[in-house]
Amino acid sequence: MNSTELFFICLGAAVVIFYGVKALLFTKMLRPTFWFPLPQTFFTSMGEWAVVTGASDGIGREYAFALAERGMNVVIMSRTKEKLNQVAGDIEASTGRRVQVIVADFVKDSIFKEFQGQLRELNVGVLVNNVGTLPSLIPCKFLQSADLDQAITRVINCNVKTMVKMCSIVLPGMNSRGRGVIVNVSSGVATFPSPLYSLYAASKVFVERFSQGLQAEYKDKGIIIQAVAPFGVCTQMASYLEPSMVALSPKDFVKCSLQYIRAGDKTVGCSS
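For every chain, the first residue of its written sequence is number 1, and the numbers climb from 1 along that sequence. A pLDDT threshold of at least 70 governs which residues receive local features in this predicted model, and a stricter bar of 80 or more applies before side-chain atom pairs are shown or counted, although totals over entire chains, interfaces and linings include all residues. Side-chain measures were taken over the full set of non-hydrogen atoms in the model, leaving aside hydrogen atoms and water.

Enquirer: Account for the packing of helix α4 (residues 58-69) against helix α9 (residues 250-257), with residues named and values stated.
Expert: The convention used is that axes are lines fitted to C-alpha atoms, helices contributing only their stretch in contact, and that angles between N-to-C directions extend from 0 to 180 degrees. Numbering of helices and strands starts at the N terminus; helices are DSSP runs of H or I of at least 4 residues and strands are runs of E of at least 2. Following both chains from N to C, one finds α4 and α9 inclined at 55 degrees, their axes separated by 9 Å at the closest point. Relative to α9, α4 is oriented oblique. Remark: the crossing between α4 and α9 carries right-handed chirality. Residues Gly58, Ile59, Glu62, Tyr63 and Ala66 of α4 form the contact with α9, whose own contacting residues are Pro250, Lys251, Phe253, Val254 and Ser257. Its residues assigned to classes, the contact of α4 with α9 shows six nonpolar, two polar and two charged. When describing relative orientation, an angle under 35 degrees is termed roughly parallel and one over 145 degrees roughly antiparallel, while 65 to 115 degrees is termed roughly perpendicular and anything else oblique. By definition, turning the near helix anticlockwise from the far helix through less than a right angle yields a left-handed crossing, and turning it clockwise yields a right-handed one. By definition, residues are in contact when any of their heavy atoms lie within 4.5 Å. Gly counts as polar in this scheme, as do all residues outside two lists: the nonpolar Ala, Val, Leu, Ile, Met, Phe, Trp, Tyr, Cys and Pro, and the charged Asp, Glu, Lys and Arg.

Enquirer: Kindly report on the pattern of salt bridges, identifying the contributing residues and their values.
Expert: Here, a salt bridge means any Lys or Arg side-chain nitrogen found within 4 Å of an Asp or Glu carboxyl oxygen. If you walk through the whole model with that rule in mind, you get five salt bridges. Glutamate 62 is the partner of arginine 61 in a salt bridge, and the nearest nitrogen-oxygen pair spans 3.1 Å. The closest approach of N and O atoms between lysine 266 and glutamate 208, which form a salt bridge, is 3.1 Å. Here glutamate 208 lies in helix α8 (residues 198-218) and lysine 266 lies in strand β7 (residues 266-267), a separation of 58 residues in the sequence. The exposure class assigned to glutamate 208 is buried, which follows from its relative accessible area of 2%. Salt bridges sharing partners connect three or more residues here, namely Arg61, Glu62 and Asp90. Exposed residues in this analysis have more than 50% of their type's maximum accessible area, buried residues have under 20%, and partly exposed residues fall in between, with area computed by a 1.4 Å probe over protein chains only.

Following this line, the structure appears as structure tokens:
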């Protein structure tokens, strides 16, 4: 056997091992309850309260419900008081957990001082940064966005600044207690360049990179920080598509995504 043959044999073996490991990792994602089991008290062991932004509808609402069903009290945040009060009443009636409502328009620049003291007084075990917005409901080129300057401010404040500020408010308490979970909701469109959604997709890339960097910094403190990047969920942003094999209802998506909470610093939330 000459050196050329040996080289290609070694190369082939390396390729087989590489893709074998990838296949094993993929199979782990198909059975999260086996590979990433969660004790029944996992979420309540993180702390007494969960905080969810964008909780008046869609994915945020279902995260609030799911965490309350798992024994946590919840703080729900959004800009529409009437919707929040309705969600709060539904959660309290169905789960018996306490709910605090904080009305916050995350598009505005200086809103965090209004509630950061209130949140820092709570034993927050889970933070879900879900709130987000599109520059336009109708896909369009960057320069064709109506009121472009306002659209830029709206997307950056809501999708980027809010996530970072909420982490800065809640993370110190988690760090001192040595436990906690932060879920930052990204989007599948951040996986690749997305013409007609350029600004939105770029804001969600920031969500992922910030989450992954933060997880590397605080993993050894016992804190889980994960970006969740769903592809198809039937929400207002998706024009309320009907649930199907490729577009889950918010409730089904959240139920599935919570099973992957220990699966790494980024998941798509569901394998189906």
